[in-house]
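# Results of the structural survey
The residues making up each chain are set out below.
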Amino acid sequence: MQNRDATAYAMTQTTLLQYEAPWPVHALDWCKSTAPGHQSRPRSAFRLGIASFTEDYRNRIAIVGLQDERVLVEDDYTDYPDFVTLVEANHGYPATNLQWQPASASGFPWTGKAPAAELLATTGDALRVWEYFGDAPPASSAYVGRQPTGGGHRLTLKTALSGQSKVQSQSTGPPLTSFSWNEKAPSLVVTSSIDTTCTVWNIDTSTAITQLIAHDREVYDVAWLPGSTDIFVSVGADGSLRAFDLRSLEHSTILYETPAPKSGPPASSASSRLPTSPLLRIAFNPADSNYMSTFHMDGQDVQILDMRSPGQPVIELRGHRAQVNAMGWSTTDRPTLATAGDDCQVLLWDLAAYTQTATSPRTANSRLNSPRPDVKKRVVTDPIMAYSASSEVTNLAWSPQIPGMTMNTGHSTAPGEWLAIASGKSIKALKV
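Here's what I pulled together on the structure shown here. (Residues numbered from 1 in each chain as written. Predicted model: local features only at pLDDT ≥ 70, side-chain atom pairs only at ≥ 80, totals over all residues. Heavy atoms only, no water.)

### Here's the deal with the overall build of the chain
Helix and strand content of the chain: two helices and 31 strands. For the chain, the residues scored as buried account for 52% of the 432 residues in total. Long-range contacts, defined here as pairs at least 24 residues apart, represent 57% of the contacts in the chain between residues at least 6 apart. (Helix = DSSP H or I, 4+ residues; strand = E, 2+ residues; numbered from the N terminus. Buried < 20%, exposed > 50% of the residue type's maximum accessible area, 1.4 Å probe, protein only. Contact = heavy atoms within 4.5 Å.)

### A few points about a nonpolar patch on the surface
Taken together, Ile384, Met385 and Val432 make up a surface patch of nonpolar side chains, about 240 Å² in accessible area. Of note, Val432 is situated in the segment after strand 31 (426-431). Residue class for Val432 comes out partly exposed when judged on its relative accessible area of 35%. (Patch = residues over 30% accessible without salt bridge, like charges linked within 9 Å, V, L, I, M, F, W, Y side chains within 5 Å. Areas by Shrake-Rupley, 256 points an atom, 1.4 Å probe, with all protein chains shown as cover. Salt bridge = Lys/Arg side-chain N within 4 Å of Asp/Glu carboxyl O.)

### Concerning the sheet that holds strand 1 (residues 16-20)
Here we have four strands laid out as an open sheet, ordered 1-31-30-27, and antiparallel in their pairing. The outermost strands of the open sheet, each flanked by one partner alone, are strand 1 and strand 27 (395-398). Strand-to-strand twist of the sheet, defined as the mean angle between neighbouring strand axes without regard to direction, takes the value 15°. Across five bridges, the pairing between strand 1 and strand 31 is antiparallel. Counterpart to Gln18 in the pairing with strand 31 is Lys428. (Pairing = 2+ DSSP bridges. Axes fitted to C-alpha atoms, helices over the stretch in contact; angles between N-to-C directions.)

### A look at the sheet that holds strand 19 (residues 291-296)
In spatial order, the strands read 18-19-20-21-25; together these five strands make up an open sheet with mixed pairing. The sheet terminates laterally at strand 18 (279-284) and strand 25 (378-380), the two strands that pair on one side only. For this sheet the average axis-to-axis angle between neighbouring strands, irrespective of direction, equals 20°. Judged from the five bridges that link them, strand 18 and strand 19 form a sheet pairing that is antiparallel. Directly across from Ala283, in strand 19, lies its bridge partner Ser293.

### Some remarks on unusual backbone geometry
In this structure, Ser206 takes a positive phi of about 55° despite not being glycine. Mapped onto the elements of the fold, Ser206 is located in the loop between strand 12 (197-202) and strand 13 (207-213). One non-glycine residue, Cys344, lies in the positive phi region at around 65°. You can see Cys344 is positioned in the loop between strand 23 (336-341) and strand 24 (345-350).

### Some words on the packing of aromatic side chains
Under the counting rule described, the total for this entry stands at eight aromatic pairs. For the ring pair Phe232 and Phe244, a centre distance of 5.4 Å and an interplane angle of 25° mean the geometry is stacked. With a gap of twelve residues between them, Phe232 in strand 15 (residues 231-236) and Phe244 in strand 16 (residues 240-245) connect regions that are remote in the sequence. In this structure, Phe232 and Phe244 share a single accessibility class: buried. An aromatic cluster of three or more residues is present, and its members are Trp30, Phe46 and Trp418. Positioned above the aromatic ring of Phe133 is the side chain of Arg154, whose terminal nitrogen or guanidinium carbon lies 4.5 Å from the ring centre. (Phe/Tyr/Trp six-rings, centres within 6.5 Å; stacked < 30°, edge-to-face > 60°. Lys NZ or Arg CZ within 6 Å of the ring centre and 35° of its normal.)

### Topic: the pattern of salt bridges
If you walk through the whole model with that rule in mind, you get 14 salt bridges. Here Asp29 makes a salt bridge to Lys32, at a shortest N to O gap of 2.4 Å. You can call Lys32 partly exposed: its relative accessible area is 31%. Salt-bridge contacts for Asp238 lead to Arg242; the nearest nitrogen and oxygen are separated by 3.2 Å.

### Re the nonpolar core
Core analysis: the largest hydrophobic core is formed by 38 residues, its most contacted members being Trp30, Phe46, Ile50, Phe83 and Leu155. Not counting residues within four places of it along the chain, the set of residues in contact with Leu155 comprises Ile61, Ile63, Val87, Glu88, Ala89, Leu120, Trp130, Glu131 and Tyr132. If you look at the next biggest cluster of nonpolar residues, it comprises 18 residues, including Ala283, Ile304, Val314 and Val324. (Core = buried A, V, L, I, M, F, W, Y, C linked by side-chain atoms within 4.5 Å.)

### Examining the pairing of strand 22 (residues 324-329)
The element strand 22 is largely enclosed, with a buried count of six among its six residues. Relative to strand 23, strand 22 runs antiparallel, the two sharing five bridges. Its bridge partner being in strand 23, Ala326 is matched across the sheet by Ala340. Linking strand 22 to strand 23, which pair antiparallel, is a turn of six residues.

Rendered as structure tokens:
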């Protein structure tokens, strides 16, 4: 991946695509399925949703896609982008998270969605659901002084959901830090907020199903248990990872708590809280939902936890030399995790050798919240692949499995997964 110049002339397969945004990119996601009516055109699977991060109220979200099949040619003499902006929209405050609809959404019986539309969602000052039409008729009036985008792409705000806070009195909802879209029931979205709460929404009826106080401090990320419409987990500034079950909301299960600093300052008399290291992100391994990954604010390591033996990580990944910013699991059956950080590195970890033998099967009568002493933490220091970016990597997103494509130039892409990484204004898609 790193020695493009020496090998480009000999390569007939494209392994890197790039895009330069007009603004710093924060949130991004790869579309989960091909466009409606375009199942026979693999290139429609190469679409990304991206969102800007500027410290004002002029943030944007955009959908980018391939210019044309002919741009998939490794060319060392020009830096033209492989991706182009298909459509964009105003977002106001920065989007803390952006996701395309789950692949299951295309078969879901929505009540208020056009069949040709795909949904995207973002969080910021509210949970926003967007409708994207890839082949819509061009609008009759374009923005003043702006060329209408070609091809009739349209991105419109469908609904903005911002509930009354349980713990704050102001009329507008507090900022949302992240959200998780339910794969099994795509009308369900759970959001996390700085006001300590998580809210479960039905985005089809635009109603809040429940809101609960999830943590002692800000909640930074949330994730549905794969295959479940009842259980989700969250992480936050109090340094804990907690599991919730919508069928029994009177209590939560603490799966992991950050160890207290060994030589930290004593808690002040004004607050009895001990200093803890906040947990920033949480993600389940889709191939085996017993396993999930998390990392600490300013932390260089990534912790892998096993739902069957809560209390401490079963694996710790140590490879970054600066703080970790993002992580994501591949969608293949093999447990593969990508991590990225301020050291400009994207590391790929194959955990198959560690996850299959690291734990004994959970017995039916074992309690979720009792740590099992037979699990020893494994430290993994050798990623299977490393990519060096030109600056800090702030986010990443996996593609689904995409069929290979062949162009009339003889250049092609191999089938499989791609990994999109955001670094400043640059987005690179790497063939894994």
